[in-house]
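Topology and contacts: notes
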Amino acid sequence: MLEVDALTKEYLSAAGALRVLDGVSLRMRAGERITVMGPSGSGKSTLLSILGALDEPTSGTVRLDGADPFAGGTVGRALFRNRRIGFVFQEHHLLDGCTALDNVLLPALAGGSVPAQIEDRARGLLDRVGLAARQRHMPGELSGGERQRVAVARALLLAPRLILADEPTGQLDSHAAGLVSELLVELAAETGGMLLVVTHSVAIAARVGGIHRLVDGRLMA
Ligand SMILES: Nc1ncnc2c1ncn2[C@@H]1O[C@H](COP(=O)(O)OP(=O)(O)O)[C@@H](O)[C@H]1O
Ligand SMILES: [Mg+2]
């Protein structure tokens, strides 16, 4: 379960404080899906980076299955992210020098050696996203949609409790976008993870469901 209460975020600059989030509260249960929509600059990426423990809020609380991502300092936060969060970004963020399979295995490498069972899961996920024959391919040898499917497989490797996708299909044509969003929904359901997708696409919002809008720093269903 995800419990977010009275979250605010202010960025300080020479021009003064900019309040981007102004009291965001949200509840998600295991297996639940939410779409967040809103104009460019409304704070969607800011919200995701806080929920994913990449950045701290100015005030307010986040609890994921009762745990506070910000309690353990920098190392604790990194561990929290690695164990509990799966990220998919607009840009795939794959390592160019690593094969598709090694990219999917990245979250497991943080723990040192990779158990055979995790490597099997990585191969299974690549199969699941339609890339069984591309395990040894480099990101540069894949299309944009294929790279994003690798990114989805990587995000799901350790069956995270919370999957955060920030405009995951923003760079894809509608066919590839449909495929990627379908895979996110299916794989999140298979692992029982909560799925939060930021998108501008009405079609993808309809597929993911639970549509919310970020308006004036607040999240409205
Ligand atoms: N690190 C930062 N420092 C200062 N301002 C920022 C920073 N990150 C984002 N912002 C500002 O916060 C607002 C929200 O940004 P963002 O969360 O990226 O919006 P969205 O993802 O909805 O387009 C924007 O006005 C942006 O310029
Ligand atoms: Mg954004």
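Computed from a prediction, not measured in an experiment: that's the story for all the values here. (Residues numbered from 1 in each chain as written. Chains lettered and ligands numbered in written order. Predicted model: local features only at pLDDT ≥ 70, side-chain atom pairs only at ≥ 80, totals over all residues.)

With that out of the way, let us pick up the overall build of the protein. Along the backbone of the protein there are seven helices and nine strands. Computed over its C-alpha atoms, the radius of gyration of the protein comes to 17 Å, within 12% of the 17 Å expected for a compact globule of 221 residues. The principal-axis extents of the C-alpha atoms in the protein amount to approximately 50 × 40 × 35 Å. Contacts in the protein between residues at least 24 apart in sequence constitute 71% of all its contacts with a sequence separation of at least 6. (Helix = DSSP H or I, 4+ residues; strand = E, 2+ residues; numbered from the N terminus. Rg over C-alpha atoms; globule rule 2.2 N^0.38 Å. Contact = placed C-beta atoms within 7 Å.)

Counted residue by residue, helix α1 (residues 44-51) has six buried out of eight residues, so it is predominantly covered. Restricting attention to buried positions, one finds in α1 the residues Lys44, Thr46, Leu47, Leu48, Ile50 and Leu51. At the exit of α1 stands Ala53, carrying a positive phi of roughly 60°. (Buried ≥ 20, exposed ≤ 12 C-beta atoms within 10 Å, placed from the backbone.)

Our focus in this paragraph is the sheet that holds strand β7 (residues 194-198). On the basis of which strands lie adjacent, the open sheet formed by six strands has the order β5-β6-β7-β3-β8-β9 and mixed pairing. The two strands at the open ends of the sheet, each matched to only one other strand, are β5 (85-88) and β9 (218-220). Averaged over all pairs of adjacent strands, the angle between their axes in this sheet comes to 20°, without regard to strand direction. Across the sheet, helix α6 (residues 174-191) touches β3 (33-37), β6 (162-166) and β7, and the angle it forms with β7 is around 160°. (Pairing = 2+ DSSP bridges. Axes fitted to C-alpha atoms, helices over the stretch in contact; angles between N-to-C directions.)

Our focus in this paragraph is the site of ligand 1. In the neighbourhood of ligand 1, the contacting residues comprise Tyr11, Ser13, Leu18, Val20, Gly38, Ser40, Gly41, Ser42, Gly43, Lys44, Ser45 and Thr46. Elements with a minimum of two residues in the shell around ligand 1: β1 (2-13), β2 (16-28) and α1. Here the element with the most residues in the shell around ligand 1 is α1; it accounts for three residues. When its residues are assigned to classes, the shell around ligand 1 shows three nonpolar, eight polar and one charged. (Near = placed C-beta within 6 Å. Nonpolar A, V, L, I, M, F, W, Y, C, P; charged D, E, K, R; others polar.)

With that settled, consider the packing of helix α5 (residues 144-156) against α6. Contact pair α5 / α6: the axes reach a minimum separation of 10 Å and the direction vectors enclose 10°. Of the possible angle classes, the one that applies to α5 and α6 is roughly parallel. Across the interface between the two elements, Gly144, Gly145, Gln148, Arg149, Val152 and Leu156 from α5 touch Ala176, Leu179, Val180, Leu183, Leu184, Leu187 and Thr191 from α6. Tallied by class, residues from the contact of α5 with α6 come to eight nonpolar, four polar and one charged. (Parallel < 35°, antiparallel > 145°, perpendicular 65-115°, else oblique.)

Quick look at helix α4 (residues 116-128) now. Here α4 is 13 residues long and its end C-alpha atoms lie 18 Å apart, about the 18 Å a rise of 1.5 Å per residue gives. All buried positions along α4 are accounted for by Arg121, Ala122, Leu125 and Leu126. Along the axis of α4, the buried residues cluster in a sector spanning 135°; they form a single face. Structural note: α4 exposes Ala116, Gln117, Asp120 and Gly124 on the side pointing more than 90 degrees away from its buried face. Against α3 (100-109) and α5 lie the buried residues of α4. Taken from the residues just after α4, Gly130 is the one with a positive phi, measuring 80°. (Expected span 1.5 Å × (residues − 1). Arc of directions from axis to C-beta.)

Looking at the secondary structure, you find Ser113 in the loop between α3 and α4. With 7 C-beta atoms packed within 10 Å, Ser113 lands in the exposed category.

It is worth spelling out the nonpolar core at this point. Leu51, Val104, Val152, Ala153, Ile163, Leu164 and Leu184 are the most contacted members of the largest nonpolar core, which totals 54 residues. Filtering out sequence-adjacent residues up to four positions away, Val152 remains in contact with Val88, Val129, Val180, Leu183, Leu184 and Leu187. (Core = buried A, V, L, I, M, F, W, Y, C linked by C-beta atoms within 7 Å.)

To continue, consider the sheet that holds β2. Across the sheet, three strands lie side by side as β2-β1-β4; this open sheet has antiparallel pairing. Across the chains shown, the open sheet's two edge strands, defined by having one partner strand only, are β2 and β4 (59-64). Each adjacent strand pair in this sheet contributes to an overall mean axis angle of 25°, direction not counted. As judged from the five bridges shared by β1 and β4, these two strands associate in the antiparallel manner. Looking across to β4, one finds that Thr8 is bridged to Ser59.

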